[in-house]
Structures are given as structure tokens and as C-alpha cells.
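Structural features, examined
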Amino acid sequence: QGGGVNGEGIIFEYVPGATTVTKKIDFDGSNGAGPWTSLLLASNNKFYGTTQLGGQYDNGVLFEYDYDDNTCIKKFDFYRYGDYGGYPVNDLMQASNGKIYGMNDDGGDENFGVLFEYDPTTNEMNLKFTFDGWNHGSTPKGSLFQHTNGKIYGTTSSGGVLDAGTIFEYEAGDATITKKIDFNAA
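Residues numbered from 1 in each chain as written. Predicted model: local features only at pLDDT ≥ 70, side-chain atom pairs only at ≥ 80, totals over all residues. Heavy atoms only, no water.

So, on to unusual backbone geometry. You will see that Asn45, though not glycine, has its phi angle at about 65°, which is positive. Tracing the backbone through its elements, the reader meets Asn45 in the loop between β4 (40–41) and β5 (47–53). Asn45 sits in the partly exposed class, given a relative accessible area of 48%. Even without being a glycine, Thr139 presents a positive backbone phi close to 55°. Within the element layout of this structure, Thr139 appears in strand β12 (residues 138–146). (Helix = DSSP H or I, 4+ residues; strand = E, 2+ residues; numbered from the N terminus. Buried < 20%, exposed > 50% of the residue type's maximum accessible area, 1.4 Å probe, protein only.)

Have a look at this one:
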């Protein structure tokens with residue numbers, strides 16, 4: 001998250017069994033700063049990740065790291081007060097449709113968080129769902145995963161009937177979210 005030449009964080013490589021770590025990329029603010037999440041190795045053999053800071057609005061970026069030519073390219077600038085939110089802290093996942101999904105715990109219509117989709121083939125970012133508090137939850141947290149039924153599941157840390165968070169199900173085919181469970185804080 002920190003360190004490197006610019007103090008903005010790095011991408012590093014560790015070879016299992018080795019006794020050293022090799023720095024691959026220094027973040028400089030323009031390509032992101034403060035990486036927080038895990039890297040995702042996508043089907044195109046490139047890595048994708050997010051940073052909490054940096055980019056045009058200093059609210060984080062979605063980036064692509066190409067191991068073969070050791071380049072890091074900013075793909076999208078997050079903006080905290082925009083549709084997609086900012087300061088991403090949740091891991092990305094690639095679904096069987098080849099698209100990459102992620103969540104921000106702010107942004108959207110009510111600033112309750114969003115689910116977004118990035119297509120690495122077309123370089124398009126699309127807002128898929130805006131969380132609404134009581135009905136579906138708010139402040140999405142954690143990792144998304146795709147079940148063998150093809151649907152994507154995730155959690156929110158607040159919202160829902162008891163304001164203790166929810167488990168939700170996302171159907172990419174028709175872009176719908178269904179709340180499955182309301183958590184009970186007790």
C-alpha cells in the first residue's frame with residue numbers, strides 16, 4: 001500500500017521458495033496510489049486491481065498490470081461523489097462471461113455503494129447496481145464469488161431490514177440483484 005520510489009505503493013513479485021522479493025511497478029499517483037486489494041489474474045493473462053487513492057480525482061483507479069512487458073495502465077478513475085464511488089477496498093472477480101466485477105462501498109444514487117462491471121475486451125466500465133439501504137443493503141464489503149448456478153453473490157455491511165447487512169445475489173444476464181438474507185446483529 002505504501003513504499004516504493006514515490007511512497008505510493010508497489011506491485012511486487014515473489015517466487016515461492018525464493019528468499020527475495022522483486023519490485024515490478026512503482027505507483028506514482030497518476031496510475032494509482034495506495035493499492036489495497038488482491039490482484040486478479042484474468043483470462044487474458046493480465047492482472048487487474050484497484051488502488052484506494054491516485055488517479056484524476058485522487059479517489060482510486062482500476063488498473064491493468066501486464067506481467068509480460070511489466071507495464072501498469074490505468075483503466076478507470078473512480079470518483080467518490082460520482083456514480084461509481086471511490087476509494088475501492090473490495091477485491092475484484094472475473095465471472096464466466098469474461099467480465100470483471102467489483103464493488104465500492106460508496107457512490108450511486110444514495111451514496112450507499114455500487115456494483116460495477118469492467119469488460120477487459122472493450123475497456124468499458126458499466127454501473128450494474130446502486131445499493132439502496134433497506135431493500136438490498138448498503139456499504140458492500142468483502143469479495144464477490146460466482147456460484148456454479150452462474151449467479152454472483154456478495155455481502156453488504158449495513159442496510160437491510162435490521163441495518164446489519166445483507167447477502168445478495170446478482171444475475172448478470174438480466175442485471176438484477178435479489179436480497180437473499182438480512183443479517184441480525186444480535
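Once the structure has been displayed, the description carries forward.
Strand order in the open sheet formed by four strands is β12-β13-β14-β15, with antiparallel pairing between adjacent strands. The open sheet has two edge strands, β12 and β15 (176–182), and neither has a second partner. Along the sheet, successive strands turn relative to each other by an average axial angle of 25°, direction set aside. Of the strand pairs in this sheet, β12 and strand β13 (residues 152–158) are connected by five bridges, and their pairing is antiparallel. Residue pairing across strands places Pro140 opposite Thr156, the latter belonging to β13. (Pairing = 2+ DSSP bridges. Axes fitted to C-alpha atoms, helices over the stretch in contact; angles between N-to-C directions.)

In this section: the packing of aromatic side chains. This structure, assessed with the given rule, holds 12 aromatic pairs. Consider the rings of Phe76 and Tyr84, whose centres lie 4.9 Å apart with planes at 70°: the pair is edge-to-face. Each member of the pair, Phe76 as well as Tyr84, carries the same accessibility label: buried. Residues Phe145 and Tyr153 carry aromatic rings whose centres are separated by 5.7 Å and whose planes lie at 25° to one another, so their mutual orientation is stacked. Residue Phe145 is classed as partly exposed on the basis of its relative accessible area of 46%. (Phe/Tyr/Trp six-rings, centres within 6.5 Å; stacked < 30°, edge-to-face > 60°.)

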